[in-house]
Amino acid sequence: MIAMSSRVSEEELKKMLTAPPSTTEKRDPKRAWVERMIKSAKLYHKICPYYDKKTGGCFIKQLKTLRKAKCDRDGRFDNCPVFAQFLEEVYDRVKAQGGVLPMDFRDIPMVF
C-alpha cells in the first residue's frame, strides 16, 4: 500500500491561496451584471461605443466634466474603469427606479 501524507507543501498552499475564487461562491449581483454588459458590448463593438475616433475623446468623461476629455485607453474598453463605472451608475439608476435590468448592452438606451 502507498502511504499518503496529509501535509501540504508550501508551494501547494501558495497555489491554493492565490487561486481565483470558485464560481460557486456568491458574487456581487452588480459586478456580475457589469461583467455581462461588458461581454455583450464586446459582441457588437470592437472599440468602446463611447469613444470618438476623430478626436480620441471619451463621451462618458465629456458628459461628467463638460469639457473635452481624451480617452486614456485609445478606445479599448476591456478593464476600462470609466466604462465600468458608467455601467455601475446605470445599474444603480435602474435599481433605484425599480425597473428591470437590461439583458443585453443594446437594451441600455431603452431603459431610460
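Residues numbered from 1 in each chain as written. Predicted model: local features only at pLDDT ≥ 70, side-chain atom pairs only at ≥ 80, totals over all residues. Heavy atoms only, no water.

### Observations regarding helix H4 (residues 81-97)
Put simply, the test is: Put simply, DSSP H or I for four residues or longer makes a helix, DSSP E for two residues or longer makes a strand, and each gets a number counted from the N terminus. Multiply 1.5 Å by the residue count of a helix minus one, and that product is the helix's expected span. Remark: exposure states derive from per-residue accessible area (1.4 Å probe, protein chains only) relative to the maximum for the residue type, with buried under 20%, exposed over 50%, and partly exposed in between. Between two residues, a contact is recorded if the distance between any of their heavy atoms is within 4.5 Å.
Along its 17 residues, H4 runs 24 Å from first to last C-alpha, staying within 8% of the 24 Å computed at 1.5 Å per residue. When H4 is considered as a whole, its buried residues turn out to be Val 82, Phe 83, Ala 84, Phe 86, Leu 87, Val 90, Tyr 91 and Val 94. Along its buried surface, H4 packs onto helix H2 (29-44), strand S2 (57-58), helix H3 (59-65) and helix H5 (108-111).

### A few points about the packing of aromatic side chains
Note the cut-off: The pairing test for Phe, Tyr and Trp rings, Trp by its six-membered ring, is centres within 6.5 Å, and the orientation test on the planes gives stacked under 30 degrees, edge-to-face over 60, and tilted for anything in between.
Taken as a whole and judged by the stated rule, the model has 5 aromatic pairs. Aromatic pair Trp 33 and Tyr 91: ring centres 5.7 Å apart, planes at 50°, arrangement tilted. Placement of the pair is Trp 33 in helix H2 and Tyr 91 in helix H4, with a sequence separation of 58 residues. Each member of the pair, Trp 33 together with Tyr 91, is buried. Summarising the aromatic geometry, the rings of Tyr 50 and Phe 86 are spaced 5.1 Å apart at their centres and angled 65° between planes, so their arrangement reads as edge-to-face. Separated by 36 residues along the polypeptide, Tyr 50 in the loop between H2 and strand S1 (51-52) and Phe 86 in helix H4 bring together distant segments of the chain.

### A closer look at the nonpolar core
The test is simple: Buried Ala, Val, Leu, Ile, Met, Phe, Trp, Tyr and Cys residues that are joined via side-chain atoms within 4.5 Å together make up what is termed a nonpolar core.
In this structure, Trp 33, Phe 77, Phe 83, Leu 87 and Ile 108 are the most contacted members of the largest nonpolar core, which totals 23 residues. Secondary-structure elements contributing two or more residues to this core are H2 and H4. Per element, the largest residue contribution to this core is 8 residues, and it comes from H4. Beyond its immediate chain neighbours, meaning those up to four positions away, Trp 33 contacts Leu 87, Val 90, Tyr 91, Leu 101, Pro 102 and Ile 108.

### Description of the environment of Asp 78
Mapping Asp 78 onto the fold places it in the loop between H3 and H4. Sequence separation between Asp 78 and Cys 48 is 30 residues; the distance between their C-alpha atoms is 8.7 Å. Excluding residues within four positions of it along the chain, Asp 78 makes contact with Lys 42 and Arg 73.

### Section: the packing of H2 against H4
What counts here: Lines fitted to C-alpha atoms define the axes, with helix axes restricted to the stretch in contact, and inter-axis angles between N-to-C directions lie between 0 and 180 degrees. Comment on the angle field: the value is read as roughly parallel under 35 degrees, roughly antiparallel over 145, roughly perpendicular from 65 to 115, and oblique elsewhere. Take the far helix as your reference; a near helix turned counterclockwise from it by less than a right angle gives a left-handed crossing, and one turned clockwise gives a right-handed crossing. Throughout this entry, Asp, Glu, Lys and Arg are counted as charged residues, while Ala, Val, Leu, Ile, Met, Phe, Trp, Tyr, Cys and Pro are counted as nonpolar. The remaining residues, Gly among them, count as polar.
Viewed as axis vectors pointing N to C, H2 and H4 meet at an angle of 120°, and their least axial separation amounts to 10 Å. Here H4 runs oblique to H2, going by the angle between their axes. Where H2 crosses over H4, the handedness of that crossing is right-handed. Residues Pro 29, Lys 30, Arg 31, Trp 33, Val 34, Met 37, Ile 38 and Ala 41 of H2 form the contact with H4, whose participating residues are Phe 83, Ala 84, Leu 87, Glu 88, Val 90, Tyr 91 and Asp 92. Taken together, the residues of the contact of H2 with H4 break down into 11 nonpolar, no polar and 4 charged.

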